[in-house]
Amino acid sequence: MNTYNPRLWALLALIVSLNTLADNGEQSSSWTLSTSPNGNIAAEVRLTEGRLQYRISYRDRPVIMPSSLGFVFKDEPALMGPFTHVETSVREVDTAWTLPWGERKHIADHFTELRYKVRETADPEREMAVVFRVYDDGVGFRYEIPDQPGLTQFEIIDERTEFVFAENYHAWWIPAYRDQRYEYQYARSALSSLDVVHTPLTLQGDEITIVVHEAALVDYASMTLRMESDNSKTLVSDLVPWANGVRVVAQTPLKTPWRTLQIAEQPSDLFSSNLILNLNEPNKLGDVSWVEPGKYMGIWWEMHIGLKDWSPGDKQGATTERAKDYIDFAAEHGIDGVLVEGWNTGWEGEWWQRAPTFDFTRAVEGFDINEVVNYGKRKGVRLVGHHETAAGIQHYEAQMEEAFRFYERLGVKNVKTGYVGTRLDGNQWHHGQYMVRHFQNVAETAARHRITINAHEPIKDTGLRRTYPNMMTREGARGMEYNGGSPDTGNLPDHTTIVPFTRLQAGPFDYNAGIFNFDYREHRPHNRVPTTLAKQLALYVVIYSPLQMVPDLPENYEGHPAFQFVEDVATDWEHTRGINGVIGDYVTIARKDRQSDDWYLGAITDENARSLTVALDFLDVGTTYRAEIYEDGKNAHWRDNPEDYNIRTMTVRSTDRLDIELAPGGGTAIRFVAL
Ligand code: NOJ
Ligand code: CA
């Protein structure tokens with residue numbers, strides 16, 4: 001819906017006058033402006049000596065200083081200008097849409113769009129447009145290269161999108177071009193000390209927090225950000241190349257992914273941002289009632305802590321009998337699915353070190369898949385499928401159609417995929433156009449079989465779950481598995497106070513919180529889960545995923561009073577509210593269940609104890625709630641006393657305030673039951 005807006009008319013008048021200037025042969029045009037609906041964010045574009053530049057400000061304070069735009073192509077002149085201005089168009093769109101599942105149900109989609117089209121002044125006079133969408137919660141911009149005689153098939157050697165930041169912000173980042181893909185502990189340092197980093201990149205100034213990322217990554221390469229000249233405040237897009245050095249194999253008409261900047265005053269405001277989803281195309285799958293959020297267990301943690309193995313033989317984790325144990329427990333506690341890793345052939349020995357040998361439809365000895373599936377059906381628990389590829393894309397794609405058909409026949413609704421390995425097919429980065437294309441293929445193939453995906457070692461999330469709602473969740477960060485067997489002992493206690501503001505701004509994260517037994521040192525003397533038990537519970541609310549794992553062994557949950565929270569907590573939300581947060585220190589999030597009137601709250605801290613006071617004004621006005629509080633005990637400490645916790649209840653309303661005490665590495669999880 002386009003609405004009448006006096007600001008737009010003023011802008012149009014300005015554009016007309018600017019065009020006249022440009023047509024008269026001026027060297028530099030003035031800035032053409034587009035502002036967010038609330039007026040706080042301004043994105044501007046201009047030609048200066050024939051070069052395209054943009055800049056961005058927040059409440060009149062610069063965020064991005066004049067920064068250049070353009071491309072370098074293989075065997076063709078660069079598309080960097082000199083350009084002349086062709087036309088500008090603006091529109092305001094104010095609409096809304098519904099997420100079939102997610103952190104919230106209703107999403108407002110209100111933005112001002114500015115399209116600025118240019119043409120080369122000299123031969124071959126190629127045309128290009130840059131399009132800005134300015135929202136209240138940030139800006140997205142992308143390039144559009146139309147179909148034209150001088151440009152059809154081409155190869156991009158470099159996308160030259162500059163980000164000249166106004167200040168030397170504090171940066172929260174993970175390195176790019178490393179062998180463990182996205183699985184690094186986040187570091188904090190001055191922006192000016194960065195080398196080459198993945199997105200989301202989170203930057204903090206005195207008054208704002210910025211997340212730089214991208215949306216709608218389709219048939220293109222992931223954008224990393226590189227500092228070109230040391231100790232500067234300028235990052236330049238660095239697209240992850242193919243093995244031959246080409247970044248993107250393209251053809252016109254081309255629309256690049258959106259380059260995004262979420263801008264928030266408080267870090268916790270980021271939990272209300274819908275920028276990434278809004279910049280993606282609407283659902284292409286039609287009826288997606290078959291896509292269901294929920295919980296799953298798995299023969300999984302027992303491998304990570306060295307009790308069992310993925311390989312067949314004496315320590316084989318995947319057995320018919322063990323799968324039935326998990327199914328029994330899942331059935332008793334309302335858990336929808338059970339994952340079995342290592343059930344298929346190909347896991348012998350060091351499977352990640354060799355060319356893949358997996359057969360995705362053949363079971364190993366000791367595992368009767370039909371018996372397991374039928375046992376589960378009788379108890380109302382589904383098998384969760386697994387496709388570990390060991391980064392062998394060709395090997396996987398050759399079997400993919402059959403592999404999904406096989407699972408569909410068995411009634412499997414969700415498949416966890418995996419891409420362990422340093423390079424795909426031995427020579428491609430995990431984050432280039434090759435993997436982006438593969439992910440598209442997986443999403444579409446799975447959808448044809450009404451199967452949803454939980455991808456590990458994935459391409460990063462750029463909001464495609466809006467377009468393909470079966471792309472439910474993914475890893476793409478250091479998860480719980482690192483506490484199981486990583487040689488560096490595991491994640492630091494502050495890890496989960498950083499990822500909500502960084503990795504999770506991209507989309508859902510299959511983190512796998514929910515470990516109840518902290519004493520698993522038999523085979524892992526140096527590893528530990530660096531939290532208290534109460535924090536494990538709180539993470540179900542803090543770390544959003546529509547599929548939540550219940551990862552520990554059934555024996556470790558059996559009869560445990562705190563398990564009630566895991567059983568109760570929702571996985572699909574009507575509302576999400578960021579309550580407070582300091583990146584790397586603590587964070588509190590509240591969410592309302594879609595299926596009931598209940599609210600849930602999770603508060604977590606890093607290695608430091610903390611007292612927080614939370615206003616319960618997110619609760620529905622006029623409703624009384626029974627707050628079921630799972631909190632750290634007086635002597636709880638992540639290092640030596642993680643299992644000290646209390647459960648208490650109290651009656652609360654939206655006008656109340658609640659004091660929360662968090663132990664070192666601790667947390668609080670609350671269910672608010674509407675009475
Ligand atoms: C890495 C995944 O992140 C983990 O969850 C899985 O258990 C192993 N690969 C084996 O597939
Ligand atoms: Ca992993």
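Cut-offs and rules
Residues numbered from 1 in each chain as written. Chains lettered and ligands numbered in written order. Predicted model: local features only at pLDDT ≥ 70, side-chain atom pairs only at ≥ 80, totals over all residues. Heavy atoms only, no water. Donors = N, O, S within 2.8 Å, 3.2 Å for Na, K, Ca; no water. Tetrahedral: all angles 85-135°; square planar, octahedral: opposite > 155°, others 65-115°. Buried < 20%, exposed > 50% of the residue type's maximum accessible area, 1.4 Å probe, protein only. Pairing = 2+ DSSP bridges. Helix = DSSP H or I, 4+ residues; strand = E, 2+ residues; numbered from the N terminus. Axes fitted to C-alpha atoms, helices over the stretch in contact; angles between N-to-C directions. Contact = heavy atoms within 4.5 Å. Polar contact = N/O pair within 3.5 Å; in protein donor to acceptor, adjacent residues only side chain to side chain.

### Focus: the coordination of the calcium ion (ligand 2)
Move 1: Around the calcium ion (ligand 2), the protein contributes the donor atoms Glu183 (OE), Glu457 (OE), Glu475 (OE), Glu475 (OE) and Glu481 (OE), which lie 2.2 to 2.6 Å from the metal centre.
Move 2: Around the calcium ion (ligand 2), the six donor atoms are arranged such that angles at the metal cover 51 to 154°; this shape is classified as irregular.
Move 3: As a motif over one chain, the donors of the calcium ion (ligand 2) read E-x273-E-x17-E-x5-E. The residues Glu475 and Glu481 share a single accessibility class, namely buried.

### Focus: the sheet that holds strand β31 (residues 573-582)
Move 1: In spatial order, the strands read β31-β32-β33-β38-β35-β36; together these six strands make up an open sheet with antiparallel pairing. At either margin of the open sheet sits one strand with a lone partner, and together these are β31 and β36 (645-652). Recorded for the sheet is a direction-independent mean angle of 15° between the axes of neighbouring strands.
Move 2: In terms of strand pairing, β31 meets strand β32 (residues 586-593) through eight bridges, oriented antiparallel. Paired with Gly581 across the bridge in β32 is Val587.
Move 3: Contacts from helix α10 (residues 533-542) reach β32, β33 (599-605), β35 (625-632), β36 and β38 (667-674), with the element oriented near 125° to β33.

### Re the side chain of His85
Move 1: Mapped onto the elements, His85 comes out in strand β6 (residues 83-98).
Move 2: When its relative accessible area of 7% is taken as the criterion, His85 is described as buried.
Move 3: Within the structure, His85 has its side chain in polar contact with the backbone oxygen of Glu87 (distance 3.4 Å).
Move 4: There is a polar contact of 2.6 Å between the side chain of His85 and the side chain of Thr88.

### Structural notes on the pairing of strand β3 (residues 51-58)
Put simply, side chains in a regular strand alternate between the two faces of the sheet.
Move 1: The element β3 is largely enclosed, with a buried count of six among its eight residues.
Move 2: Strand direction decides the pairing type here: strand β2 (residues 41-48) and β3, joined by eight bridges, are antiparallel. Its bridge partner lying in β3, Ile41 is registered against Tyr58.
Move 3: A loop of two residues connects β2 with β3, the two strands running antiparallel in sequence, and Glu49 in this loop sits at a positive phi of about 50°.
Move 4: Note that β3 and strand β4 (residues 61-68) share five bridges and pair antiparallel. Within β4, the residue paired with Ile56 across the bridge is Ile64.

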